[in-house]
Every structure is written in structure tokens, then in C-alpha cells.
Amino acid sequence: MRPLDACALGPTSYRDGLRLQESLVRARAAGQTGDWLLFPDHPPVLTVGRGGRAGSLRADPATLARLGIEVFEVARGGDITWHGPGQLVGYTIVDLTPRGRDTHRFLRDLEQALIRVLGDYGIAGACVPGRTGVWVEGEKIASIGIAVRRWVGYHGFALNVAPDLASFDLIHPCGLRGIRMTSMAARLGAENVPLEEVRARVAAALALQLGYDAVRWTAPDEARSFLERGIEAAETTLDHHAA
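Residues numbered from 1 in each chain as written. Predicted model: local features only at pLDDT ≥ 70, side-chain atom pairs only at ≥ 80, totals over all residues. Heavy atoms only, no water.

Where do I start with the side chain of Glu111 in this structure?
Considering the arrangement of structural elements, one finds Glu111 in helix 3 (residues 103–120). Not counting residues within four places of it along the chain, the set of residues in contact with Glu111 comprises Cys127, Arg131, Thr132, Gly133, Val134 and Ile144. (Helix = DSSP H or I, 4+ residues; strand = E, 2+ residues; numbered from the N terminus. Contact = heavy atoms within 4.5 Å.)

Next comes the structure, spelled out in C-alpha cells:
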């Protein structure tokens, strides 16, 4: 299997990140590129998946406007979540056909890769039956949500490295009432957890879990070049999963 192309995009608006994902999904489905792992640095933003429910957003429009936070409805599964500084967001643009088109297995692979990285830092991450994501002693540390188009998976995961956890007070995270979010920094008692180091470890763990030969880090311009290629493909969404 070829290497996994990984890219640290740097500061990226959510709208631009979504456009890039969709371009790469079309290119992957057309056989014009391989699998990708994108790491955008998003400003604070809320995204609502296909499982979004009324009441999951706690903040009123005036509060969101004052904070400059946009809300996007997206194709991934799951409910509402927050992205922003201190969080490692990873978008996995992966052809699922060689993996038997098994979306549940793919979700479990994402979870296991993140659990492995947390273990490297002495944090005991775990799965909770019936709930997607990664948890630490009953608190959620990573959210996962994917969509699938033409059997190419996209969207991905968000690992809380060192975000301001008060940001999650704007919502019921993933639509779940009464849960608490946590982070690597909170668990380690450290204010400065190096995001760049965690990013590299996560890319390596995902490549290992998914069976790639290696990680090939690429420049942002290489990833963004797919925005101009104009590859046409059907936009039918086949399946959605997550939380």
C-alpha cells in the first residue's frame, strides 16, 4: 500500500477546509490522487452533523455573534461539536473499498489510533459501547464523525490537546447531555502540550493502524492545488456515521 499523504495546513477557515475536503474526495474517487490526512488549524467554529437535534446548541445567536463563531451544517454523522485553537483536527480522505467498505471498522480504527497516541503520554483512553469517540474516565477527549461519498471517507476526528474547555459550554457536545469534555493538557496537568508533536504521533499511529507503508508529509500548496483542478464527479452521499 502506498504512503499516506499528510499535510499540516496551518490557519484554515472552516469553509475553506470543507472545500478542500470535497475537492480531494472527488479527486480520490476519480483515481487522481491517493489517501490524505489533513490537519487544519481552525478558528473557533461549531459544526452540526446529520444527527443534529434541536437544543444541542446552548448559546443564543447574540452570544455567537459577539464571539465571532460561525455555525456550519455538514455531511458527517453525529450532532454538534466545537473546533478551535488547541484542538487537533484531522480530516481523513480515504478510499474505503480496499477495506471492504466497512465504515464501522474504519471508525474503530480511528479510535484505536488515537487511543494509542494517548497511551504514549500515559493517558488511558478507551471506547464506550454505543458511543463513538475516545473517552478518559467517563469524560470525552476525542470526537469522531465521518461521511462517505462514492466509498471515499472524509471528515474525521478532533482530539482535545489543549483547548479552552469552556468553549464546549456553548453546546451539548455531540448532542449528549450531562457529559464533560477533557483534554490532554487537563489530564497531564500541563498548560503547554506540543500540538506539533501530537500531530506527528497521530499521523504515524493512523498510518500504522490503517496499514500504510509510511507517512509522506506534503506542503499545503500541494494539497490545495486540488481546488483548481476542477475534477467532476457525482455528489451522491452514500453513507454517514459518527458522533
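Next, the rest of the story.
Could you clarify how one ought to interpret the sheet that holds strand 4 (residues 70–73) in this entry?
Hydrogen bonds along the backbone pair up the strands of a sheet, which may run parallel or antiparallel. Taken in spatial order, the 3 strands of this open sheet run 4-3-5, and their pairing is mixed. Either end of the sheet is taken by a strand with one partner, and the two such strands are strand 4 and strand 5 (80–83). Each strand axis lies, on average, 25 degrees off the axis of its neighbour in the sheet, ignoring direction. Pairing of strand 3 (residues 45–48) with strand 4, which is carried by 4 bridges, proceeds in the parallel orientation. Bridging from a neighbouring strand, Val48 pairs with Glu73 of strand 4. (Pairing = 2+ DSSP bridges. Axes fitted to C-alpha atoms, helices over the stretch in contact; angles between N-to-C directions.)

What am I meant to see in the side chain of His83 here?
By the secondary structure assignment, His83 is in strand 5. Polar contacts involving the side chain of His83 include one to the side chain of Gln87, which spans 2.8 Å. Residues within four places of His83 in sequence aside, it is in contact with Tyr14, His42, Pro43, Pro44, Val45, Thr47, Val89 and Ala158. (Polar contact = N/O pair within 3.5 Å; in protein donor to acceptor, adjacent residues only side chain to side chain.)

I'm lost on the packing of aromatic side chains in this one. Help?
What characterises a pair of aromatic rings is the spacing of the ring centres plus the angle enclosed by the ring planes. Scanning the entire structure with this criterion turns up 4 aromatic pairs. Between Tyr14 and Phe72, the ring centres sit 5.1 Å apart and the planes meet at 45 degrees, which makes this aromatic pair tilted. Of this pair, Tyr14 sits in helix 1 (residues 14–29) while Phe72 sits in strand 4, and the two are 58 residues apart along the sequence. One exposure class covers both Tyr14 and Phe72, and it is buried. On the basis of an interplanar angle of 65 degrees and a centroid distance of 5.3 Å, the ring pair of Trp82 and Phe168 is categorised as edge-to-face. Taken together, the residues span a long stretch of sequence, with Trp82 in strand 5 and Phe168 in the loop between strand 10 (152–160) and helix 4 (184–188) at a distance of 86 residues. Each of the two residues, Trp82 as well as Phe168, counts as buried. One cation-aromatic arrangement involves Arg201 over Tyr121; the distance from NZ or CZ to the ring centre is 5.2 Å. (Phe/Tyr/Trp six-rings, centres within 6.5 Å; stacked < 30°, edge-to-face > 60°. Buried < 20%, exposed > 50% of the residue type's maximum accessible area, 1.4 Å probe, protein only. Lys NZ or Arg CZ within 6 Å of the ring centre and 35° of its normal.)

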